[in-house]
Amino acid sequence: MRLTCGLFSLAILAASTCASQAQTPEEVVAGYFEKIKAGGGNTVAALMHPDELKKFHAMMTPVVEGALASPQAKAFQKFADPSDPAKKRTMTDAEFMNLFMEWVELVQPGAMAALKGATIEALGHVSEGEVKHVVVRVKVKSEGLEVEKMSVLSVKNFQGVPKLTLTGEMKGIAEALRRRK
């Protein structure tokens, strides 16, 4: 259950970045959420800050490599090198993020379906140096119940365009996946 919630949180967080034309941190968050609803999880990398993509790739690579060398390898074949299925294929940070999010959609289809019907309201932001922390209210309906969650998502400019950063939950998700071995 904890891993499912973590993956769901990952999908929500991934669903909270910016569209390049967005100007305010709130627009960044709303634009990202709409993009993931329309295009799915494998569209998020373009909205993430490049430094954050690099961190995500480094954080999740050991998880994927460990899974490919284990009995769980079949579940991770999207990541496998075609010439050596026990090794992770070479890909950019953005390709890895998009592929990972596509994998999340495959293993947690209910979470992604719930996200497609969710609503998000960006309530405002607080500046901390170059990082803007946006408070959002996410409402998800599932099996006749509406769940409301308050979250903080952060954005940081890259070449003048606001981009989403990773959250502390991401490290927890990586650790939970490592422990599943």
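Look up: the structure comes first, before these words.
Residues numbered from 1 in each chain as written. Predicted model: local features only at pLDDT ≥ 70, side-chain atom pairs only at ≥ 80, totals over all residues. Heavy atoms only, no water.

I would appreciate a short explanation of a nonpolar patch on the surface in the present structure.
On the surface, a cluster of nonpolar side chains totalling about 310 Å² of accessible area is made up of Leu123, Val135, Met150 and Val152. Its relative accessible area of 39% is what places Leu123 among the partly exposed residues. (Patch = residues over 30% accessible without salt bridge, like charges linked within 9 Å, V, L, I, M, F, W, Y side chains within 5 Å. Areas by Shrake-Rupley, 256 points an atom, 1.4 Å probe, with all protein chains shown as cover. Salt bridge = Lys/Arg side-chain N within 4 Å of Asp/Glu carboxyl O. Buried < 20%, exposed > 50% of the residue type's maximum accessible area, 1.4 Å probe, protein only.)

Looking at this structure, I do not really get the pairing of strand β5 (residues 145-158). What am I missing?
Along a regular strand, successive side chains alternate from one face of the sheet to the other. Relative to β5, strand β4 (residues 131-142) is paired through 12 bridges, and the arrangement is antiparallel. Bridge pairing in β5 links Val134 to Leu153. If you look at the hairpin formed by β4 and β5, you'll find two residues sitting between the two strands, and Glu143 has a positive phi there, around 50°. Sheet topology places β5 next to strand β6 (residues 161-164); four bridges connect them, and they run antiparallel. If you follow Lys156 over to β6, its bridge partner there is Lys163. (Pairing = 2+ DSSP bridges. Helix = DSSP H or I, 4+ residues; strand = E, 2+ residues; numbered from the N terminus.)

I would appreciate a short explanation of the sheet that holds β4 in the present structure.
Backbone hydrogen bonds hold the strands of a sheet together, and the pairing may be parallel or antiparallel. Spatially, the four strands line up as an open sheet ordered β3-β4-β5-β6, and their pairing is antiparallel. Two strands in the sheet have a free side with no partner beyond their single neighbour: β3 (119-128) and β6. Strand-to-strand twist in this sheet, taken as the mean axis angle between neighbours without regard to direction, amounts to 30°. (Axes fitted to C-alpha atoms, helices over the stretch in contact; angles between N-to-C directions.)

What is the right way to look at the pattern of salt bridges in this model?
Any two side chains of opposite charge can pair, on the condition that their charged atoms come close. For the structure shown, the criterion picks out five salt bridges. In this structure, Lys54 and Asp93 form a salt bridge, with 3.6 Å as the shortest nitrogen-oxygen distance. One end of the pair, Lys54, is in helix α3 (residues 50-68); the other, Asp93, is in helix α4 (residues 93-107), and 39 residues separate them in sequence. Linked through salt bridges whose partners overlap, the residues forming this network are Glu121, Arg137 and Glu148.

Honestly, the side chain of Lys163 in this entry has me stumped. Any pointers?
Tracing the backbone through its elements, the reader meets Lys163 in strand β6. A distance of 2.6 Å separates a polar side-chain atom of Lys163 from the backbone oxygen of Ala46. (Polar contact = N/O pair within 3.5 Å; in protein donor to acceptor, adjacent residues only side chain to side chain.)

I keep staring at the pairing of β3 and nothing clicks. Help me out?
Relative to β4, β3 runs antiparallel, the two sharing nine bridges. The residue bridging Glu128 from the neighbouring strand is Val131, located in β4. Hairpin connection of β3 to β4: two residues between the antiparallel strands, including Gly129 at a positive phi of 65°.

Whenever I open this one, the packing of aromatic side chains confuses me. Can you help?
The geometry of an aromatic ring pair comes down to the distance between the two centres and the angle between the two planes. All told, the structure shown has eight aromatic pairs when counted by the stated rule. Consider the rings of Phe56 and Phe96, whose centres lie 6.0 Å apart with planes at 55°: the pair is tilted. Taken together, the residues Phe56 in helix α3 and Phe96 in helix α4 connect sequence positions 40 residues apart. The exposure class of Phe56 is buried, given its relative accessible area of 1%. Relative to Phe100, the ring of Phe56 lies with its centre 5.2 Å away and its plane at 80°, an arrangement referred to as edge-to-face. In this pair, Phe56 is assigned in helix α3 and Phe100 in helix α4, connecting sequence segments 44 residues apart. (Phe/Tyr/Trp six-rings, centres within 6.5 Å; stacked < 30°, edge-to-face > 60°.)

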